[in-house]
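# Commentary on secondary and tertiary structure
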Amino acid sequence: MAESHTPHPDLPPPVSTIGVPGWLRRNLFSSPLNIALTILAAYLLYIAIPPLLRWVFWDAHWRGDSRADCPADGGACWVFIRVHFEQFMYGFYPDEQRWRVKTALAVLILSAAPLFIRSVPGKIKMRLGLGLLAVYPVIAFVLFKGGVLGLPAVDTSKWGGLLLTLVIAGVGMTAALPLGVLLALGRRSQLPAIQTLCVTFIEFWRGVPLITVLFMSSVMLPLFLPAGVSFDKLLRALIGITLFQAAYMAEVVRGGLQAIPKGQIEAAAALGLGYWKTMGLIVLPQALKLVIPGIVNTFIALFKDTSLVLIIGLFDLMNIVHNATTNPDWLGFSTEGYVFTATVYWLFCFSMSRYSQSLEKRLHTGHKR
Amino acid sequence: MTEPISTPVKPPIWNNPQVRAIMFQIIALVATVTFGLYIFQNTQANLRQLGIASGFDFLSSHSGFGIVQSLIPYSESSSYGRVFWVALLNTLLVSVLGVLFATLIGFIVGIARLSKNWLISRLALVYIEAFRNIPLLLQIFFWYFAVLRAMPAPRQSFSLGEAAFLNIRGLYLPAPQFQPGFGGVLAAFGIAVVLVIFLSRWAHQRQMATGQQFPTLRAALALLLGLPLLIFWLAGSPLTWQYPELQGFNFRGGWVVIPEMASLLLAITLYTAAFIAEIVRAGIQAVSHGQTEASFSLGINSSKTLRLIILPQALRVIIPPLTNQYLNLTKNSSLAAAIGYPDLVSAFAGTVLNQTGQAIECIAITMAVYLTISLLISLLMNLYNRQVALVER
């Protein structure tokens, strides 16, 4: 009896979960809802992206140096940016003195470069960083302001554009961080009087908008000072922004201080360290490392907030672009102006946040989850 | 062999920690008070020299300027005190609307960011990274000068179904006109709310006693919508719409959203929503995946898992930073001054200050108002936070 064995026909191969089809199925077409969402999103992109690209690149006008080079045919007029570019960068800084700004920038880049190279030992980085912090502001101030060493003086009212934005942001950051650390230590202090003072200070500045602070610094500060003493307008804005952001910084640092277990302080006390040594050598290095994301967030907020000096009439990047868009010779190009400004701000803020993420990863010496 | 016994030297008094603590505090207090007195004296001398009388008498004198948007009756003959109230209400209006819209968009984008759909989550990411890295002031300017200023003149307005119109003067919406009998609809809504409260209590008690569940949410929605609609229909639709109409060079009638308000609201909403989206994403991610798995293994379906397991735990993480964003939004609404929306900073600390010269009083009142709003919002959110906080045994 011959019994033949007929095998069951082969099952079809399982649905691929790898490669391009698998990826598409997993990420775009996993369920009816997802298919609908994907189609909707793709349609939105289809109606938004091509006109945008045409406006920015294909139909845009890049060459030329006057309004006549920008016929109104639905493309962006980047000539507007090209013509005003120097002004956007330096404001009203005199043409023949702009080499000073470039020199200062070059000095900063060259001297700060080792800080970003990983193979440079930490100790050298530390010394270089602290040295830069102490020396560079003096160099930059002498170069920008002049009036000594045979450099003609340039009044701060002439500073403008991206230069002014970076000056305000740089000074604000370097001043707000130490002040914020001191305020946070004060808030955590055992001494009731110091604690009350710090809490009042922090809560006051955090409770009011920056714009009223700037109003105050421009309207009320002259009233607070003895008659005849007058402050530079830029300095007044700097004081306002620094105090304001220091309060936010203090809260960020306080979060870090609270996360350090008490045992660390007790161990430091057992070793005979005083308050400042305990804080400076034991607590703060750990606490600051914990709150790097928060600190950088505050820096980013500060950088964006520099645009508010427009309210008190300083010509930072924001204001100088806004000013150029209201120029009767170049009316109608506000979109180009704002898109350019937005790109500049975005590049700075986004790279700051990316750098903080990489720093956070590198300094993460504890247990990785 | 004996060692000489050294008597311990008493440390000098300035090294005694307690003495030091007291000394430090006295120095800090004296320095603060001296600084305050110095400023006070300078200010008094300056004010005397400038001939400015301090005090709040100016609040009752006539303002003499118009305000483009006011929620309460206001005219040029009103007092500066009235300007304060108009400005405060404008600030509150834009803040409340901003908080509502930003929360809505923020939650949607935050959840979209976590979507399994690659395209959707990328789009949400692009939105978040684009909007939160550009200064708010720039965004306000963009919407105001580049978008709304480019709108057509009233005669060529964009029309949305002949009911709403968008042009350079603003957004014109139909205004509801309540006819007699509409009070019945409101009353029906009130009754529905009371019924829903009783219904949810009864459903809870029944579930506790018998284990049977009742579709409370659906029943509540049906009550809240159905009862007022029924009365509305029975009363013969006591609601008509007043449509804006083109008369001469502008529209009349209806509700108008002025361009200043529209651009400010658009900018602060989109800006704050980007931050809220990140907060929501972080909050949901903070709930461990084991919670979802445990819930599924107990046989709870996915919508109930989200509502009963994930969200209550995520809200604990979300609420404190969300409060901060609400505060930021309220404070950021002061940027209205840059485009002339008549809020507190623009109309009161700007125009009134310039007209009267009462710098200290105006700035002090403005700051006090913002401080009060900040403290109130954080108080309310703290109360809510206490409700959702972890109850530890």
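Just so it is clear, the structure is predicted and the values come from calculations on it, not from any experiment.

All names here are of chain A. Structurally, chain A comprises domain 1 (83-159) and domain 2 (160-314 + 335-363). Each of domain 1 and domain 2 has a C-alpha centre, and the two are 22 Å apart. Taken together, the contacts link 15 residues of domain 1 with 12 residues of domain 2. The contact between domain 1 and domain 2 buries some 1100 Å² in all, and 71% of this surface belongs to carbon and sulfur atoms. The interface formed by domain 1 and domain 2 contains zero salt bridges. At the boundary of domain 1 with domain 2, the tally comes to five residue pairs in polar contact (both at pLDDT 80 or more).

Taken together, the contact between chain A and chain B spans 53 residues of the former and 53 residues of the latter. In total, about 4500 Å² of surface goes out of reach between chain A and chain B, with carbon and sulfur atoms giving 75% of it. A per-residue breakdown of the area chain A buries against chain B is headed by A:Leu223, A:Phe224 and A:Lys304, which together make up 14% of the total. Here chain A and chain B share zero salt bridges between them. For the interface between chain A and chain B, the tally reads 10 residue pairs in polar contact (both at pLDDT 80 or more). Within the residue set of the side of chain A that touches chain B, elements represented by two or more residues are helix 1 (19-27), helix 2 (32-58), helix 7 (192-207), helix 8 (210-219), helix 9 (221-224), helix 13 (292-305), helix 14 (317-325) and helix 15 (334-363) of chain A. If you tally residues by element for the side of chain A that touches chain B, the top one is helix 15 of chain A, at 10 residues. A class-by-class count of the residues in the side of chain A that touches chain B yields 38 nonpolar, 10 polar and five charged.

Turning to the packing of aromatic side chains, a few remarks are in order. This structure, assessed with the given rule, holds 25 aromatic pairs over all chains. With a centroid separation of 6.1 Å and 85° between ring planes, the pair formed by A:Phe57 and A:Trp58 is classed as edge-to-face. Looking at A:Phe57, the relative accessible area reads 44%, which means it is partly exposed. An angle of 80° between the planes, with centres 5.3 Å apart, marks the rings of B:Trp202 and B:Phe214 as edge-to-face. Here the residue B:Trp202 occupies a position in helix 5 (residues 182-210), and B:Phe214 occupies one in the loop between helix 5 and helix 6 (216-234), the gap between them amounting to 12 residues. Classification of B:Phe214 as partly exposed rests on a relative accessible area of 29%. In textbook terms, an aromatic cluster arises when at least three aromatic residues are bridged by ring pairs, as seen for A:Phe80, A:Phe85, A:Phe88, A:Phe333 and A:Phe340. Note that A:Arg206 overlies the ring of A:Tyr248, its terminal NZ or CZ placed 5.8 Å from the centroid.

All right, on to the packing of helix 3 (residues 118-132) of chain B against helix 7 (residues 259-286) of chain B then. Residues and elements named next belong to chain B. Two elements in contact, helix 3 and helix 7, have axes whose closest approach is 8 Å; the angle formed by their N-to-C orientations is 125°. Classified by the interaxial angle, the pair formed by helix 3 and helix 7 is oblique. Where helix 3 crosses over helix 7, the handedness of that crossing is left-handed. Contact with helix 3, carried on its side by Tyr 127, Ile 128, Phe 131 and Arg 132, involves Leu 270, Tyr 271, Ala 273, Ala 274, Phe 275, Ala 277 and Glu 278 of helix 7 and no other residues of that element. When the residues that make up the contact of helix 3 with helix 7 are grouped by side-chain class, the tally is nine nonpolar, no polar and two charged.

To continue, consider the domain arrangement of chain B. By domain assignment, chain B separates into domain 1 (18-50) and domain 2 (80-157 + 258-388). Each of domain 1 of chain B and domain 2 of chain B has a C-alpha centre, and these two points are 39 Å apart.

Moving on, we come to the packing of helix 6 (residues 161-187) of chain A against helix 7 of chain A. Between two packed helices, what matters for the description is the angle formed by their axes and the separation of those axes. Residues and elements named next belong to chain A. Remark: helix 6 packs on helix 7, axes separated minimally by 7 Å, with the N-to-C direction vectors making an angle of 130°. On the basis of their axis angle, the class for helix 6 and helix 7 is oblique. In terms of crossing hand, the pair formed by helix 6 and helix 7 is left-handed. On the side of helix 6, the interface is formed by Leu 183, Gly 186 and Arg 187, while helix 7 contributes Ile 194, Gln 195, Cys 198, Val 199, Phe 201, Ile 202 and Glu 203.

The strands making up a sheet are joined through hydrogen bonds of the backbone, oriented either antiparallel or parallel. All names here are of chain B. On the basis of which strands lie adjacent, the open sheet formed by four strands has the order 1-2-3-8 and antiparallel pairing. The sheet is open, and its two borders are formed by strand 1 (158-160) and strand 8 (255-257), each paired with just one other strand. Each strand axis lies, on average, 20° off the axis of its neighbour in the sheet, ignoring direction. As paired strands, strand 3 (residues 170-173) and strand 8 are joined by three bridges and run antiparallel to one another. Bridged to Tyr 172 within strand 8 is Val 256.

Right, let's talk about the pattern of salt bridges for a bit. Per the stated rule, a full pass over the model turns up six salt bridges over all chains. Between A:Lys262 and A:Glu266 there is a salt bridge whose closest N-O contact spans 3.8 Å. Of this pair, A:Lys262 and A:Glu266 both sit in helix 11 (residues 262-270), four residues apart, roughly one helical turn. A relative accessible area of 46% means that A:Glu266 is categorised as partly exposed. Where B:Glu129 meets B:Arg132, a salt bridge forms, and the shortest distance between an N and an O atom there is 3.6 Å. Highlighted residues: B:Glu129 and B:Arg132, both in helix 3, separated by three residues, approximately one helical turn. Each of the two residues, B:Glu129 as well as B:Arg132, counts as buried.

What counts, and at which threshold
- Residues numbered from 1 in each chain as written.
- Chains lettered and ligands numbered in written order.
- Predicted model: local features only at pLDDT ≥ 70, side-chain atom pairs only at ≥ 80, totals over all residues.
- Heavy atoms only, no water.
- Domains from an automatic or database assignment.
- Contact = heavy atoms within 4.5 Å.
- Buried area = accessible area lost by both parts, 1.4 Å probe.
- Salt bridge = Lys/Arg side-chain N within 4 Å of Asp/Glu carboxyl O.
- Polar contact = N/O pair within 3.5 Å; in protein donor to acceptor, adjacent residues only side chain to side chain.
- Helix = DSSP H or I, 4+ residues; strand = E, 2+ residues; numbered from the N terminus.
- Nonpolar A, V, L, I, M, F, W, Y, C, P; charged D, E, K, R; others polar.
- Phe/Tyr/Trp six-rings, centres within 6.5 Å; stacked < 30°, edge-to-face > 60°.
- Buried < 20%, exposed > 50% of the residue type's maximum accessible area, 1.4 Å probe, protein only.
- Lys NZ or Arg CZ within 6 Å of the ring centre and 35° of its normal.
- Axes fitted to C-alpha atoms, helices over the stretch in contact; angles between N-to-C directions.
- Parallel < 35°, antiparallel > 145°, perpendicular 65-115°, else oblique.
- Left-handed = near helix turned anticlockwise from the far one by under 90°.
- Pairing = 2+ DSSP bridges.

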